[in-house]
Amino acid sequence: MDQPFLVPAGSRVSLADYDPDYTGSYVDKAAAKAELKRSSEKLQDLQEVMWAEGKHSLLIVLQAMDAGGKDGTIKHVMRGVNPQGCQVTSFKVPTREELDHDFLWRIHKAVPRRGYIGIFNRSHYEDVLVVRVENLAPEQVWQQRYEQINHFEKLLADTGTTILKFYLHISKEEQKDRFEARLRDPHKNWKFSMEDVEKRELWDSYMRAFEDALSRCSAPWAPWYVIPANHKWYRNLVISQIIVDTLTSLDMRYPPPLPNADQIAIP
Ligand code: ADP
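Below is a short write-up of the structure.

A few points about the nonpolar core
Residues Leu15, Tyr125, Phe166 and Ile243 are the most contacted members of the largest nonpolar core, which totals 76 residues. It is helix 10 (residues 232–249) that provides the largest number of residues to this core, a total of nine residues. Leaving out residues up to four positions away in the same chain, Leu15 has contacts with Tyr167, His169, Met207, Phe210, Glu211, Leu214 and Val226.

Digging into the packing of helix 2 (residues 70–77) against helix 10
Interaxial distance between helix 2 and helix 10 falls to 10 Å at its minimum, and their mutual angle equals 60°. Classified by the interaxial angle, the pair formed by helix 2 and helix 10 is oblique. Where helix 2 crosses over helix 10, the two elements pack in a sense that is right-handed. Together, Gly72, Thr73, His76 and Val77 of helix 2 and Arg235, Asn236, Ile239, Ser240 and Ile243 of helix 10 make up the contact between the two elements. Split by residue class, the contact of helix 2 with helix 10 holds three nonpolar, five polar and one charged.

A short note on the site of the ligand
The ligand sits among 14 residues. The nearest are Lys92, Arg106, Arg122, Glu126 and Lys199. At 2.9 Å, a side-chain N or O of Glu126 approaches an oxygen atom of the ligand. If the ligand stood free it would expose 570 Å²; the protein chains cover 77% of that surface. For the shell around the ligand, a count of residues per class yields six nonpolar, no polar and eight charged.

Rules used in this analysis
- Residues numbered from 1 in each chain as written.
- Predicted model: local features only at pLDDT ≥ 70, side-chain atom pairs only at ≥ 80, totals over all residues.
- Heavy atoms only, no water.
- Core = buried A, V, L, I, M, F, W, Y, C linked by side-chain atoms within 4.5 Å.
- Buried < 20%, exposed > 50% of the residue type's maximum accessible area, 1.4 Å probe, protein only.
- Helix = DSSP H or I, 4+ residues; strand = E, 2+ residues; numbered from the N terminus.
- Contact = heavy atoms within 4.5 Å.
- Axes fitted to C-alpha atoms, helices over the stretch in contact; angles between N-to-C directions.
- Parallel < 35°, antiparallel > 145°, perpendicular 65-115°, else oblique.
- Left-handed = near helix turned anticlockwise from the far one by under 90°.
- Nonpolar A, V, L, I, M, F, W, Y, C, P; charged D, E, K, R; others polar.
- Near = heavy atom within 4 Å.
- Polar contact = N/O pair within 3.5 Å; in protein donor to acceptor, adjacent residues only side chain to side chain.
- Areas by Shrake-Rupley, 256 points an atom, 1.4 Å probe, with all protein chains shown as cover.

See below:
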């Protein structure tokens, strides 16, 4: 991959520098889809070893503006993966009980156990995104959270959780097209909400909040990636390949065979 999707630790992200239309060397979706199929097969194999070995877990964090493609990413990138070893958690507006705890309480409970891939559809980053932009907590509260998030993610990484965080980067025009498609298509109507349109009016504030989260919370043990996401097929391919490369680097192994397996007779 020739576009630096990875946000280097300590760097300052300006989202204007990232082209949401970027598709690398791919000119259309046919070749990318064939490549995605190959990558998916590798992912299926890697997940099976991960499950069998039971040592590592993988946490995938997905964040985006509304209509950014979080749901589609889960559907397409995880296709074919054994559902038994996979768990998706969608974080909504916190409940009363959740609000009566620290902001990481509900998050920590959803972290995947060893052998599992966990996907966060929204995450603890909402607590420095929507909370910040919509003034749901005083600045003094959300300002502390970047550091708290970094400590939390370090704890997870130190105890066997590999973390990958993807910001799906779409343009404001692309969001408009996707909202309009939701309004026109009866099968997509259910996805439309006026609240999403209200958030769109705060687009620039959200971009600033994303830039701060990406800049302040990308660490070698919990990297952020800015994924060009106007083209769904390219988005899926890039994410799948990053997951495959990361799992491959864990060098996971099936547990050793029983020493006397060839002598066991099944009656
Ligand atoms: P989605 O848009 O992810 O498909 P919903 O339409 O149910 O799902 O939206 C979930 C909503 O919950 C979003 O508006 C999101 O900003 C909000 N949310 C998630 N986490 C928090 C949080 N910690 N504080 C406030 N709102 C949150």
